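What follows is each chain in one-letter form.
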Amino acid sequence: MTSPHARRDFGSFHSSNVEELLAVPVSEWRRLLPFPDPAEAFFISGAAHQCDASTLKATHFFLEEEFTFINHGAFGAVLRPVMAQATAWREHMEGQPVRFVDRRFFLHYVDVVRQMATFVDCDPRGLVLVPNATTAINTVVRGLVDRGLRRVIHLNVTYGATMKLLRSLESVEMHQIDVTMPIVSREELMAGLERQVKDLYDSVTEGGTTLFLIDAIPSNLPVVLPLKDLISMAKTVCGEGLLTLVDGAHLLLQTDLRINTIGADFVACNCHKWLCGAKGSAFLYVAEPHRQHMRPLVASHGYLSGFSSAFAWTGLQDVGAYLSLDAALAFWRRMGPPAVRVRLHGLLDEATSLLTSSWRTSLPVPIDLLATMALVELPRIDTATLRRHVSSYGVNRDAFDSCADDVRVGELPEGDGMGRVYEYADAESVQNYLYWAEGIEVPAKSLQGCLYVRISVHVYNCLDDYRRLADAVAKLYWRCEALRRKDGDP
Ligand SMILES: Cc1ncc(COP(=O)(O)O)c(C=O)c1O
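Residues numbered from 1 in each chain as written. Predicted model: local features only at pLDDT ≥ 70, side-chain atom pairs only at ≥ 80, totals over all residues.

Quick look at the overall build of the protein chain
Stage number 1. Per the secondary structure count, the protein chain includes 19 helices and 14 strands.
Stage number 2. The C-alpha radius of gyration of the protein chain comes to 24 Å, within 12% of the 23 Å expected for a compact globule of 490 residues.
Stage number 3. Seen along its three principal axes, the alpha-carbon backbone of the protein chain occupies a region of about 80 × 60 × 35 Å.
Stage number 4. A buried classification covers 45% of the 490 residues belonging to the protein chain.
Stage number 5. A separation threshold of at least 6 residues defines the contact pool for the protein chain, and within that pool the share at least 24 residues apart is 71%. (Helix = DSSP H or I, 4+ residues; strand = E, 2+ residues; numbered from the N terminus. Rg over C-alpha atoms; globule rule 2.2 N^0.38 Å. Buried ≥ 20, exposed ≤ 12 C-beta atoms within 10 Å, placed from the backbone. Contact = placed C-beta atoms within 7 Å.)

Quick word on the sheet that holds strand S9 (residues 373-377)
Stage number 1. Taken together, three strands build an open sheet; the order of strands is S9-S14-S13 and the sheet is antiparallel. Of all strands in the sheet, those with a lone pairing partner are S9 and strand S13 (444-447), marking the two edges. Between one strand axis and the next, the sheet turns through 35° on average, direction left out of account.
Stage number 2. Set on the sheet, helix H15 (residues 337-359) makes contact with S9 and strand S14 (450-456); between it and S9 the angle comes to about 10°. (Pairing = 2+ DSSP bridges. Axes fitted to C-alpha atoms, helices over the stretch in contact; angles between N-to-C directions.)

Remarks on the sheet that holds strand S5 (residues 209-215)
Stage number 1. Here we have seven strands laid out as an open sheet, ordered S2-S8-S7-S6-S5-S3-S4, and mixed in their pairing. Each having just a single partner strand, strand S2 (127-130) and strand S4 (173-177) make up the two edges of the open sheet. Here the average twist between neighbouring strands, direction ignored, is 20°.
Stage number 2. Taken together, the four bridges between S2 and strand S8 (residues 282-286) define a ladder with antiparallel strand orientation. Residue pairing in the sheet places Val 130 in a bridge with Ala 282 of S8.

Side note on the domain arrangement of the protein chain
Stage number 1. Split by domain assignment, the protein chain resolves into domain 1 (124-330) and domain 2 (338-486).
Stage number 2. Taken together, the contacts link 15 residues of domain 1 with 15 residues of domain 2.
Stage number 3. The class makeup of the residues in the side of domain 1 that touches domain 2 is ten nonpolar, four polar and one charged. (Domains from an automatic or database assignment. Nonpolar A, V, L, I, M, F, W, Y, C, P; charged D, E, K, R; others polar.)

Quick look at the site of the ligand
Stage number 1. Close to the ligand lie Asn 132, Ala 133, Thr 134, Tyr 159, Asp 215, Pro 218, Ser 219, Asp 247, Ala 249, His 250 and Asn 270, which account for all nearby residues.
Stage number 2. Of the residues assigned to the shell around the ligand, the class counts are four nonpolar, five polar and two charged. (Near = placed C-beta within 6 Å.)

Overview of the packing of helix H4 (residues 80-95) against helix H14 (residues 325-335)
Stage number 1. At a minimum axis distance of 8 Å, the contact between H4 and H14 shows a crossing angle of 150°. Regarding the angle of H4 to H14, the classification is roughly antiparallel. Seen from above, H4 lies across H14 with right-handed handedness. Counting all contacts with H4, which are made through Pro 81, Val 82 and Gln 85, the residues of H14 involved are Asp 326, Ala 327, Ala 328 and Phe 331. (Parallel < 35°, antiparallel > 145°, perpendicular 65-115°, else oblique. Left-handed = near helix turned anticlockwise from the far one by under 90°.)

Describing the nonpolar core
Stage number 1. Within the largest apolar cluster, 145 residues are counted, with the highest numbers of intra-cluster contacts made by Val 82, Phe 266, Phe 283, Ala 328 and Ile 455.
Stage number 2. Counting contributing residues, this core receives three or more from each of domain 1 (124-330) and domain 2 (338-486).
Stage number 3. In contact with Phe 266, not counting residues within four places along its chain, are Val 140, Leu 245, Val 246, Leu 284, Tyr 285 and Val 286. (Core = buried A, V, L, I, M, F, W, Y, C linked by C-beta atoms within 7 Å.)

Some remarks on H14
The periodicity of an α-helix, 3.6 residues per turn, causes residues three or four places apart in sequence to face the same way.
Stage number 1. With nine of eleven residues buried, H14 lies mostly within the body of the structure.
Stage number 2. Each element contacted by the buried residues of H14 is listed here: H4, helix H5 (97-120), helix H13 (320-323) and H15.

Here's the deal with unusual backbone geometry
Stage number 1. With omega at -10°, the peptide bond leading from Met 181 into Pro 182 counts as cis.
Stage number 2. Counting through the fold element by element, Pro 182 comes out in the loop between S4 and helix H8 (186-203).
Stage number 3. Positive phi, normally seen in glycine, also occurs at Leu 253, with a value near 75°.
Stage number 4. Along the chain, Leu 253 falls in the loop between strand S6 (243-248) and helix H10 (259-262).
Stage number 5. Given 24 C-beta atoms within a 10 Å radius, Leu 253 is considered buried.
Stage number 6. With a phi close to 55°, Arg 360 is a non-glycine residue in the positive phi region.
Stage number 7. Along the chain, Arg 360 turns up in the loop between H15 and S9.

Description of the environment of Pro 296
Stage number 1. Mapping Pro 296 onto the fold places it in the loop between helix H11 (288-291) and helix H12 (307-312).
Stage number 2. Taking C-alpha positions, Pro 296 is 21 Å from Leu 325, a pair spaced 29 residues apart along the chain.
Stage number 3. Those residues in contact with Pro 296 that sit more than four places away from it in its chain are Thr 139, Ala 310, Phe 311 and Thr 314.

Brief notes about the pairing of S8
Stage number 1. Across the five residues of S8, five count as buried, placing the element largely inside the fold.
Stage number 2. Burial of the side chains of S8 extends over both faces: Ala 282, Leu 284 and Val 286 are buried on one face and Phe 283 and Tyr 285 on the other.
Stage number 3. One ladder, built from five bridges, connects strand S7 (residues 266-270) with S8; its direction is antiparallel. What sits directly across from Asn 270, in S8, is Ala 282.

A word on the environment of Trp 313
Stage number 1. Checked against the element boundaries, Trp 313 lands in the loop between H12 and H13.
Stage number 2. Here the alpha-carbon distance between Trp 313 and Phe 105, two residues 208 residues apart in the chain, equals 9.9 Å.
Stage number 3. With near-sequence residues (within four places) excluded, Trp 313 lies in contact with Ser 300, His 301 and Gly 302.

Digging into the packing of H5 against H14
Stage number 1. Contact pair H5 / H14: the axes reach a minimum separation of 9 Å and the direction vectors enclose 30°. Taken as axis vectors, H5 and H14 run roughly parallel relative to one another. For the pair H5 and H14, the sense of crossing is left-handed. On H14, the residues touching Val 112, Gln 115, Met 116 and Phe 119 of H5 are Leu 325, Asp 326 and Leu 329.
Stage number 2. In terms of residue class, the contact of H5 with H14 is built from five nonpolar, one polar and one charged.

Pasting the structure below:
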């Protein structure tokens, strides 16, 4: 395959010029797959979004059938067609490695960038592929620090790893605004955030660049923040000079991300999460005025040859994950992203209703502000007892088995009045118990002294997954009550 745009690009690559390829009009561009697409074999015809979850799980994912996997939000799960295409790319590349890297790779890279830019509605010249959202966030923050960043406004629910990055920036002031639970409505949430941004901006000293870092769907308090409104409110309050970085690690597929309409300066998105791309696929979008200054963390041949070129080549690496985004996008286009979102939100609604009614608890965020993840409050489990019998490495089966007959799995009380304040280790013990004793992968969290599980729904999940969770937690509650008596506690 040759390109009409072929010529020597940066370094010694006898390739097509990355910047020029990105400027080719859509009407003149065609998909450039150099082999019969193995992903085609997986495509479902007809009303694909209606395909049932267990069939999809068995045929389109690698997930173990016996494990109840309701933690897609952690590290995603790749689609089989994507993995098949990633493997095909790796094998194709190794057929003639020099030809591929030296003369072909940039064409394919640009092809995927263009497809992704169409999917999220942005200028492909502003979108670059990176291995993960962490790299994208580090790239922006460190790049801005080099250019004199003065302060960062961030949410109290900022992703833990990002907080470590922020805390390491000695010369930058940090200002936190809080998303507090329970969230009652979108209006109240926005009003609270606006009040805090105003108070904060009144109190900061003049001058210097301010970055507002927004976790669009925070991982420890999943709520779909109204991005466009939030950015426009912050720019109105703080002035157009305010820069905004959207941490969109969870955005793709969960929401219909239209980058051109949200008004952000920088957007970092994972493709290996909800889009089910191969691990090591993500992108960074940079709005036009910032592209000339934004450099990758690693300087290589493309450095100083333009924004896109600098990121397209940061050294030789396995590019299977990037190039197989082609298959991920094709898969969701055929499934129909709006239909998939309706299906997932419907399942989340059913699952959360089932869990809250079974545990007699509530959701800290209204269902209409959720997409595919939810925090659900757990019943007031006696975790002091649980912690004696469960660790990261397993459960004391003898203890749990010994109280099996004793256990009455009945209706849970609405709150036992014991006034427990839960902490990290309590949540960890619940999570470990569910993993070891019940084969359920779900994160448990302690937030503001209460215990929650964060459930995820994806196309391979069905209501039975959440029924198993509901029953397992009810059993755990009663087992802890029985064990406490056995252990001689009051
Ligand atoms: C909100 C948020 N931001 C950033 C990340 C980091 O993603 P990655 O490890 O793929 O870089 C995550 C991962 O779960 C996340 O939840």
